[in-house]
Amino acid sequence: MYFNQLETKAATPAQALPSEKRGKIYADVPLNYFSNIDELKNYVVELKKLGVNVLLILPHFKPSFSPYVVADYEQPCSLFGSWEQFTEFTAFVESLGIDRMIDIPFNHADWNCAHLQREWYKEYKNNGIEAGADDEDADGNRIHVNWGAFILDNSIKELQDYWLEKVIFPHIEKRHVNAIRIDAAWGLDPDGLKRIVQETKKRYPNVWFLTENLGMAPLIKLAKSGIEAGADRFFNNMYWYNGGLYVPTDVYTLYKRSNGVPTSTIYASHDTLMPAMKAYSRLRSNDIKGMNNKAIVRLFVQYENIHSLNQLEEPVQKEVIAQMKLDFALSALMSTDLMFVAGSEKALFEANNVCNSTPDDFKKGIESDLPNFMQDTLNIKASSEIFNCEGVVIPFGLWKLDQAGVRGFVKTAKNGKQAFVAVNNSDNTINVKLPKRIRKAQKGYLHTAGDIAEITIPESIDLPALSVVVISC
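Residues numbered from 1 in each chain as written. Predicted model: local features only at pLDDT ≥ 70, side-chain atom pairs only at ≥ 80, totals over all residues. Heavy atoms only, no water.

K.L.:
Could you give an account of the pattern of salt bridges, naming the residues involved and the relevant values?
P.N.:
Here the structure, examined in full by the defined rule, presents 23 salt bridges. For Glu88, the salt bridge identified is with Lys41, shortest N-O distance 2.7 Å. One end of the pair, Glu88, is in helix 2 (residues 83-95); the other, Lys41, is in helix 1 (residues 37-50), and 47 residues separate them in sequence. Relative accessible area serves as the criterion here: at 40%, Glu88 is assigned to the partly exposed category. (Salt bridge = Lys/Arg side-chain N within 4 Å of Asp/Glu carboxyl O. Helix = DSSP H or I, 4+ residues; strand = E, 2+ residues; numbered from the N terminus. Buried < 20%, exposed > 50% of the residue type's maximum accessible area, 1.4 Å probe, protein only.)

Shown next as structure tokens:
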């Protein structure tokens with residue numbers, strides 16, 4: 001990590017906060033990347049070294065044609081084979097000091113899912129309702145995408161009891177699980193969701209819930225039922241921020257309405273562009289103007305047949321890695337928590353396909369110093385409370401894909417602590433005037449990979465090309 005030269009007193013080694021004061025660092029791990037449990041274990045050890053403290057595995061139940069179309073909630077997928085093997089794996093993860101989070105699709109299941117009664121499906125007398133959502137295709141047309149699963153009616157107490165007694169409680173009591181992600185939480189019956197969360201917490205106070213509330217609509221609408229149910233953590237929408245006002249306003253609304261409930265910034269997940277493709281898009285911004293994510297994938301993967309950064313020339317690979325580092329620094333230091341999908345650190349180019357990706361796809365990454373940079377950045381995150389709490393985040397600078405220059409944010413926490421994080425993705429040194437609220441502090445701290453140094457806050461700084469500056473005050 002390269003930091004601009006500021007006048008500082010002697011730097012001292014940064015001390016990590018106690019674990020209970022640090023945010024959650026989630027690794028979103030698709031199981032189809034691994035051919036056996038030993039491979040998965042070895043990868044979890046790598047994640048631990050990076051700084052991961054929550055292992056989020058995609059639905060591990062017996063799938064129909066997708067992990068999110070469950071055929072049997074009482075049987076594990078073929079990777080684990082039996083609950084005994086699953087339990088041995090989660091015990092191993094626990095021994096590393098990592099939380100074990102399972103992902104439960106409460107909203108939908110295979111029409112012939114074992115153990116689910118037919119009357120638990122919505123409109124079951126009329127052949128059910130297929131789950132889906134409005135979306136946009138690669139040409140910008142509004143379409144409706146069906147998921148191949150059928151919607152469940154979670155207002156039914158008997159179904160809630162099934163989730164509690166047959167799915168959630170056994171995983172906590174017998175299988176070392178201590179955290180639960182609720183897929184598509186906004187679509188659940190609010191009272192049913194509240195009962196599921198509260199009954200679980202009543203019996204197991206140490207278990208915590210993350211409710212999925214993503215979507216390009218005001219987050220508070222999607223998060224409302226989860227907040228009222230007592231969920232502990234949420235996602236925010238900063239992943240999509242490309243220079244407009246909508247998403248920062250969205251995140252601010254969630255912050256105010258939820259009273260600062262911890263949120264996670266998404267560097268990557270299993271259903272978004274991989275950071276490598278997003279970074280390459282910035283390098284190819286002239287070719288992709290006006291394109292949405294699906295069109296970008298179509299251009300690079302389908303038309304240009306790019307499936308790995310290995311197919312690109314080495315100088316281009318290095319440029320992509322440099323851009324990925326800048327994106328990671330902004331993502332990691334923005335909110336309480338951070339999430340990235342397995343393979344991000346290996347610069348995988350194609351997003352995981354939960355139906356079709358294989359261990360061979362996981363091997364298409366490249367070797368680089370990106371994992372070291374991620375580890376260094378997470379060490380910075382672990383060193384100060386301002387990087388492990390919510391606050392008012394005000395983005396500044398050039399965030400659009402076709403703009404090269406400085407971008408970043410100022411974050412202000414309830415206790416008055418502040419952070420200034422900025423990156424320069426151009427090829428030139430740029431002088432950056434610090435925001436007034438940061439300058440008013442007069443004294444602050446400059447954070448580097450392993451050190452922290454007291455500084456006098458300057459009026460401006462020279463930010464070299466492809467560099468990051470992190471200041472707290």
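K.L.:
Tell me about the pairing of strand 11 (residues 208-211), and name the residues and values.
P.N.:
Of the two faces of strand 11, the one lined by Trp208 and Leu210 and the one lined by Phe209 and Thr211 are each fully buried. Bridge count for strand 10 (residues 179-182) against strand 11 is 4 bridges, and the pairing is parallel. Pairing of Ile182 across the sheet is with Thr211, part of strand 11. A crossover links strand 10 with its parallel partner strand 11, the connecting element being helix 4 (residues 190-203), and its sense is right-handed. The pairing of strand 11 with strand 12 (residues 233-235) spans 2 bridges and is classified as parallel. Counterpart to Thr211 in the pairing with strand 12 is Phe234. (Pairing = 2+ DSSP bridges. Right-handed = clockwise from strand over helix to strand, strands pointing away.)

K.L.:
So what's going on with the side chain of Arg175? Which residues, and what values?
P.N.:
Relative to the helices and strands, Arg175 is located in the loop between helix 3 (157-174) and strand 10. One buried charged residue, Arg175, forms no salt bridge at all, with the nearest opposite charge on Glu84 at 7.7 Å. Sequence-distant contacts of Arg175, defined by excluding residues within four places in its chain, comprise Trp83, Phe86, Thr87, Thr90 and Pro170. (Lys, Arg positive; Asp, Glu negative; His and termini not counted. Contact = heavy atoms within 4.5 Å.)

K.L.:
Tell me about unusual backbone geometry, and please be specific about residues and values.
P.N.:
Phi is positive for Asn127, which is not a glycine, with a value near 70°. Residue classification places Asn127 among the exposed positions, given a relative accessible area of 60%. A positive phi angle, near 60°, is found at Asn305, a position not held by glycine. If you trace the backbone, Asn305 turns up in the loop between helix 8 (293-303) and helix 9 (314-332). Take Asn305: its relative accessible area is 43%, and that puts it in the partly exposed class.

K.L.:
Outline the sheet that holds strand 19 (residues 443-447), supporting the account with residue identities and numerical values.
P.N.:
Pairing in this open sheet of 7 strands is antiparallel, and the strands run 1-20-19-22-17-16-15 from one edge to the other. Each edge of the sheet is formed by a strand with only one pairing partner; in this case those strands are strand 1 (12-13) and strand 15 (392-397). In this structure, strand 16 (residues 406-412) lies alongside strand 17 (residues 418-424), joined through 7 bridges in antiparallel fashion. Its bridge partner lying in strand 17, Phe409 is registered against Val421.

K.L.:
Quick rundown of the packing of aromatic side chains? Include the residues and the values.
P.N.:
Per the stated rule, a full pass over the model turns up 21 aromatic pairs. Members of the aromatic cluster, joined through ring pairs, are Phe61, Tyr73, Phe106, Trp120, Tyr162 and Trp163. In this structure, Lys41 packs its charged tip against the face of Phe92, placed 5.2 Å from the ring centre. In this arrangement the basic side chain of Arg233 is found over the ring face of Trp208, its NZ or CZ atom lying 5.7 Å from the centre. (Phe/Tyr/Trp six-rings, centres within 6.5 Å; stacked < 30°, edge-to-face > 60°. Lys NZ or Arg CZ within 6 Å of the ring centre and 35° of its normal.)

K.L.:
Which residues make up the packing of helix 4 against helix 5 (residues 219-229), and what values go with them?
P.N.:
Following both chains from N to C, one finds helix 4 and helix 5 inclined at 40°, their axes separated by 8 Å at the closest point. It follows from the interaxial angle that helix 4 and helix 5 lie oblique. Seen along the crossing, helix 4 lies across helix 5 with a hand that is right-handed. Where helix 4 approaches helix 5, its residues Pro190, Leu193, Lys194, Val197 and Gln198 are matched on the opposing element by Ser225, Gly226, Glu228 and Ala229. Residue composition of the contact of helix 4 with helix 5, by class: 4 nonpolar, 3 polar and 2 charged. (Axes fitted to C-alpha atoms, helices over the stretch in contact; angles between N-to-C directions. Parallel < 35°, antiparallel > 145°, perpendicular 65-115°, else oblique. Left-handed = near helix turned anticlockwise from the far one by under 90°. Nonpolar A, V, L, I, M, F, W, Y, C, P; charged D, E, K, R; others polar.)

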